[in-house]
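The residues making up each chain are set out below.
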Amino acid sequence: MATYDLTPRIAPNLDRHLVFPLLEFLQEQQMYPDEEILKAKIELLNKTNMVDYAMDIHKSLYRTEDVPQDMIERRVEVVARLKSLEESAAPLVAFLQNPSAVQELRADKQYNLQMLNDRYQIGPDQIEALYQYAKFQFECGNYSGAADYLYQYRALCTNSERSLSALWGKLAAEVLMQNWVVAVEELNRLKEIIDSKSFSSPLNQVQSRIWLMHWSLFIFFNHDNDKTQIIDLFNQDKYLNAIQTSAPHLLRYLATAFIINKRRRSQFKDFIRVIQQEQHSYKDPITEFLACVFVNYDFDGAQKKMKECEEVEDGNGSTMPLRDEFLKNARLFILETYCRIHQRIDMGVLAGKLNMDYEDAERWIVKRIRNSELDAKIDTETGTVIMEPNHPNVYEQLIEHTKSLSGRTYKLASQLMEQSPAQAAR
């Protein structure tokens, strides 16, 4: 399984706290020696304020109750700094914990700042102290407290860059607490800012999109939705370009989303072309499976890749928690494509293509037909599967084409909006 581990590629695009769940998963799956994982955890923790946790891991790693002196000294520093920040932020925290006082706040930030200064002697220094206190709480592993303070800070902050930083922190905290509904809301806020903000360099905007996609993996594969949102985000032109340019390994997750979601077949055709284009820069069993089925029509190769797909594991909660759904749809892809080419197929041959024995394959195909997932019938006398003529539903076609048209219209409008300022400058 370690062969397909993407942690080394994913980790640089995450906040270090988001790497902990990946390391926990790798340790549970025993992909690497336990000693390596524990050392990696300590290395991560050394750059946070989670000193007690680092001490516990050190004791476990070296089987001792003693800890290095530098850890003890670091703990003293963290406690002292936390107390100092708590005192600096205390006036504003006390105000925010007073329900009657909070009711005086309005949507107008400038009014709020003036009101806080006039009535409560709370100025920019105390607001900045709240940010630093929230950030320090996050580094200590108090994600709940950090999320609350960062939310309150953003309601008062007038510095767009600092407000954006606080939003990234809020998103990370919600992900780490597994508050998926709130995390989706914060993710959408971040996307809106990233897509509309004027960056000092186009590369900075691309990097922000790459970070956003990496962070979103925790949400999309854990949040209780129909798994279309990852397609909606990753498959947009600007985000797909970012993937192809700087993060082709993200194609694994987009491929997985397409395989388990049959509603997006019109977009799927374009995605297959991307898989074909990027085979030189990135491939794994999941992307190669799609290439085998839809590019090379190599069904024996697809069967082999499908077996390899079972070895692909991801610690951000993606891909294999959906194993059964993934394998079911992967088999359907093979079945539908193979049957579309041949129309009448011997059940024994088809069982081999699906990597199943004859009786299991027959039961599986019957179930797919009964569930209206496959438009076919079985001739029990000859032991063959016969595909019914495929007449596309006119209404479904209209809906899909309308969606595609809407996307192209939005893209065109965005390009015009981007060109207008440039033309005005001339």
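Just so we're clear, the structure is a prediction, and the values are computed from it rather than from any experiment.

Parameters at a glance
- Residues numbered from 1 in each chain as written.
- Predicted model: local features only at pLDDT ≥ 70, side-chain atom pairs only at ≥ 80, totals over all residues.
- Heavy atoms only, no water.
- Buried < 20%, exposed > 50% of the residue type's maximum accessible area, 1.4 Å probe, protein only.
- Helix = DSSP H or I, 4+ residues; strand = E, 2+ residues; numbered from the N terminus.
- Arc of directions from axis to C-beta.
- Contact = heavy atoms within 4.5 Å.
- Salt bridge = Lys/Arg side-chain N within 4 Å of Asp/Glu carboxyl O.
- Expected span 1.5 Å × (residues − 1).

(A) Spatial organisation of helix H14 (residues 237–246). Listed as buried for H14 are Tyr239, Leu240, Ala242 and Ile243. Viewed end-on, H14 has its buried residues packed into an arc of 155 degrees, placing them on one side of the element. Close packing links the buried residues of H14 with helix H11 (180–196), helix H12 (202–220), helix H13 (229–234), helix H15 (251–260) and helix H16 (265–277).

(B) Geometry of the pattern of salt bridges. Per the stated rule, a full pass over the model turns up 17 salt bridges. We note a salt bridge from lysine 191 to aspartate 195, for which the minimum N-O separation is 2.7 Å. Of the two residues, lysine 191 and aspartate 195 are both situated in helix H11; the distance of four residues between them amounts to about one turn of the helix. As a salt-bridge pair, lysine 305 and glutamate 308 come within 3.4 Å of each other at their nearest N and O atoms. Of this pair, lysine 305 and glutamate 308 both sit in helix H18 (residues 299–309), three residues apart, which is roughly one turn of that helix. The class for lysine 305 is buried, based on a relative accessible area of 15%. Judged by its relative accessible area of 16%, glutamate 308 falls in the buried class. Because the salt bridges share partners, they merge into one network encompassing Lys170, Glu174, Glu186 and Arg189.

(C) Structural context of helix H3 (residues 34–45). Between its terminal C-alpha atoms H3 stretches 17 Å, which fits the 16 Å expected from twelve residues at 1.5 Å a residue. Within the span of H3, buried status applies to Ile37, Leu38, Lys41, Ile42, Leu44 and Leu45. Along the axis of H3, the buried residues cluster in a sector spanning 160 degrees; they form a single face. Tucked into the core, H3 has its buried residues touching helix H2 (16–29), helix H4 (51–62) and helix H5 (69–96).

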